[in-house]
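A look at the structure
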Amino acid sequence: MKGPIPVESASALIDEKIKELGDWRGKTLAKVREIIHEADPEIVEEWKWAKATSPGTPVWSHGGIVCTGETYKNAVKMTFAKGAALKVPAGLFNSSLDGNVRRAIDIHEGEKVDEAALKDLIRAAVTLNLKGSKAKPKPRPASSKRAS
């Protein structure tokens, strides 16, 4: 598949992934998704990195990637693209702690998600993305006035 996957299709792929899992991981991914949308109603669902060896990954974006939602045998992993730059409550990030940019939260079977802290984290990630997009100077249109 070439080009970006339309938002409607990405949301349908995430629905399918949740249904396909059919266990605690599907329920956890659905809950995480619900929390993400409650934290930021303007968030956009995407499906990225699909290739022959991988079906792809759910991605939530607003002004850039906020986080991904990968599922593994023993965990649902939320990876925050710019997690290392975020101020978060101690213990919220519990995976990928050595990286310079990303940070992750691994949620294991039976673990309860701190919804309020997660919503704050999502909002902080969106704020960071939006600040970053404003910091980049936009190309100026060529002036029609000539210097005399």
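About the cut-offs
- Residues numbered from 1 in each chain as written.
- Predicted model: local features only at pLDDT ≥ 70, side-chain atom pairs only at ≥ 80, totals over all residues.
- Heavy atoms only, no water.
- Pairing = 2+ DSSP bridges.
- Helix = DSSP H or I, 4+ residues; strand = E, 2+ residues; numbered from the N terminus.
- Axes fitted to C-alpha atoms, helices over the stretch in contact; angles between N-to-C directions.
- Contact = heavy atoms within 4.5 Å.
- Buried < 20%, exposed > 50% of the residue type's maximum accessible area, 1.4 Å probe, protein only.
- Phe/Tyr/Trp six-rings, centres within 6.5 Å; stacked < 30°, edge-to-face > 60°.
- Expected span 1.5 Å × (residues − 1).
- Polar contact = N/O pair within 3.5 Å; in protein donor to acceptor, adjacent residues only side chain to side chain.

1. With respect to the sheet that holds strand β4 (residues 76-80)
Reading across from one edge, β1-β2-β3-β4-β5 is the order of the five strands in this open sheet, with antiparallel pairing throughout. Looking at which strands have only one partner, the edges of the open sheet turn out to be β1 (44-48) and β5 (103-107). Averaged over all pairs of adjacent strands, the angle between their axes in this sheet comes to 25°, without regard to strand direction. In this fold helix α2 (residues 24-39) packs onto β1, β2 (57-61), β3 (65-71), β4 and β5, with an angle of close to 30° to the strand it touches most, β4.

2. A word on the environment of G64
As for its position among the elements, G64 is in the loop between β2 and β3. Assessed through its relative accessible area of 34%, G64 is described here as partly exposed. Sequence spacing of G64 and L130 is 66 residues, and the spatial spacing of their C-alpha atoms is 7.9 Å.

3. Thoughts on the packing of aromatic side chains
Taken as a whole and judged by the stated rule, the model has one aromatic pair. Residues F80 and F93 carry aromatic rings whose centres are separated by 5.7 Å and whose planes lie at 65° to one another, so their mutual orientation is edge-to-face. Here F80 is found in strand β4, whereas its partner F93 is found in the loop between β4 and β5, with 13 residues between them in sequence.

4. Here we look at α2
Look at α2: 22 Å from first C-alpha to last across 16 residues, which is about the 22 Å you get at 1.5 Å a residue. Buried residues of α2: W24, R25, G26, T28, L29, V32, R33, I35, I36 and A39, and no others. Structurally, the start of α2 carries an N-cap: the backbone nitrogen of R25 is 2.9 Å from a side-chain oxygen of D23.

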